[in-house]
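# Structural overview
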Amino acid sequence: MLNALTLVTGVAALLLAAWCGWAAYRDQPTKDWHFIGMAVVSLLAVVQLVVGIVQLARGEKPEQGTTIFVAYLLGAFACVPAAGFMSLAERTKWGSVTVAAGGVVLAVLEVRLFDIWGG
Amino acid sequence: MTAVEEKPIRLISGPGMLLVWFYGVMVVGAVSRSAYQISTEFGRAPLAYALSAVAGVVYGFITYTLIRGGETARRAALVCCAAELAGVLIVGTWTLVDRSAFPDATVWSYYGAGYIFIPVLLPLSAMYWLRRAQRTAVKQ
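These notes cover the structure that comes with them.

Calculation criteria
- Residues numbered from 1 in each chain as written.
- Chains lettered and ligands numbered in written order.
- Predicted model: local features only at pLDDT ≥ 70, side-chain atom pairs only at ≥ 80, totals over all residues.
- Heavy atoms only, no water.
- Core = buried A, V, L, I, M, F, W, Y, C linked by side-chain atoms within 4.5 Å.
- Buried < 20%, exposed > 50% of the residue type's maximum accessible area, 1.4 Å probe, protein only.
- Helix = DSSP H or I, 4+ residues; strand = E, 2+ residues; numbered from the N terminus.
- Contact = heavy atoms within 4.5 Å.
- Buried area = accessible area lost by both parts, 1.4 Å probe.
- Salt bridge = Lys/Arg side-chain N within 4 Å of Asp/Glu carboxyl O.
- Polar contact = N/O pair within 3.5 Å; in protein donor to acceptor, adjacent residues only side chain to side chain.
- Nonpolar A, V, L, I, M, F, W, Y, C, P; charged D, E, K, R; others polar.

### Side note on the nonpolar core
Looking at soluble globular proteins, one finds that nonpolar side chains tend to be buried together. Core analysis: the biggest nonpolar cluster contains 67 residues, and Phe69 of chain A together with Tyr23, Tyr59 and Leu66 of chain B have the highest contact counts within it. Where this core is concerned, the elements lending two or more residues are α1 (2-25), α2 (32-57), α3 (66-89) and α4 (93-117) of chain A together with α1 (15-41), α2 (46-68), α3 (71-97) and α4 (118-139) of chain B. Counting residues per element, this core draws most heavily on α4 of chain A, at ten residues. Once residues within four sequence positions are removed from consideration, Tyr59 of chain B is found in contact with Tyr23, Met26, Val27, Ala30, Glu84, Val107, Trp108 and Pro119 of chain B.

### Some points on the interface of chain B and chain A
Residue-level contacts link 13 residues of chain B with 15 residues of chain A. Between chain B and chain A lies a buried interface of about 1100 Å² when both sides are counted; carbon and sulfur atoms form 83% of it. Looking at the side of chain B facing chain A, the largest losses of area belong to Met17, Trp21 and Tyr36 of chain B, adding up to 54% of the total buried there. Applying the counting rule to chain B against chain A returns zero salt bridges. The interface formed by chain B and chain A contains one residue pair in polar contact (both at pLDDT 80 or more). Of the residues in the side of chain B that touches chain A, the class split is ten nonpolar, two polar and one charged.

### Remarks on the pattern of salt bridges
Residues and elements named next belong to chain B. Going through the model one piece at a time under the given rule, you end up with four salt bridges over all chains. Glu41 serves as the salt-bridge partner of Arg44, at 3.5 Å between the closest nitrogen and oxygen. Given the relative accessible area of 47%, Arg44 is considered partly exposed. Overall, the relative accessible area of 27% leaves Glu41 in the partly exposed class. With a closest N to O distance of 3.1 Å, Arg74 and Glu71 form a salt bridge. Placement of the pair is Arg74 and Glu71 together in helix α3, with a separation of three residues, close to one helical turn.

Here is the structure:
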């Protein structure tokens, strides 16, 4: 369950990165549709956070330690919203680049989460 | 405050915003990593964990100066970026030459290879951006 969610969130994050990268390439700021995309990715991260905590509460142990696991879950949760707010403050293509970078960072976090949870 | 009220140089417009994002990510990465490692297993690799903590503090300061803006902050950020670059190069070389000094990795090990080389690319792009910010400010 959690691993499937990690995969989906990671792929969604990469798609978001590609989409905002495309907007930046065309010299455009982030628009409403991009923010809906960010909301979808953020929602996936929230679901992942909740599922992760429920798994911990059930007594399952992440391979590399509970503290690191929770820290990465929180980081993944905060990643895209933070980049989204920064793109609100920067209404040029650089705002789009920032969100694209946010998507890439989230994808990296998901890979790490997969390792930490232990496949 | 009496004479010409100058508008401080804005350092987070355009590419500056992207820099703030990456520095923010590195702050969270370095600080949380070192806080966890120092509190749980400091004895295993004290030098490595202490260096990660120092890196986190430097990243935090640069992030703050970028957001604050202005000429003083720009100069402070420039100095810190140079210190950061020196740190990455020294620690990166050190980890290659004497592996035994670092039983565990730091943020700056192997020139930041564990962080997709962001630690070595970031100060270079930041210094380029900060120098350009000054030139545009002079032109205005």
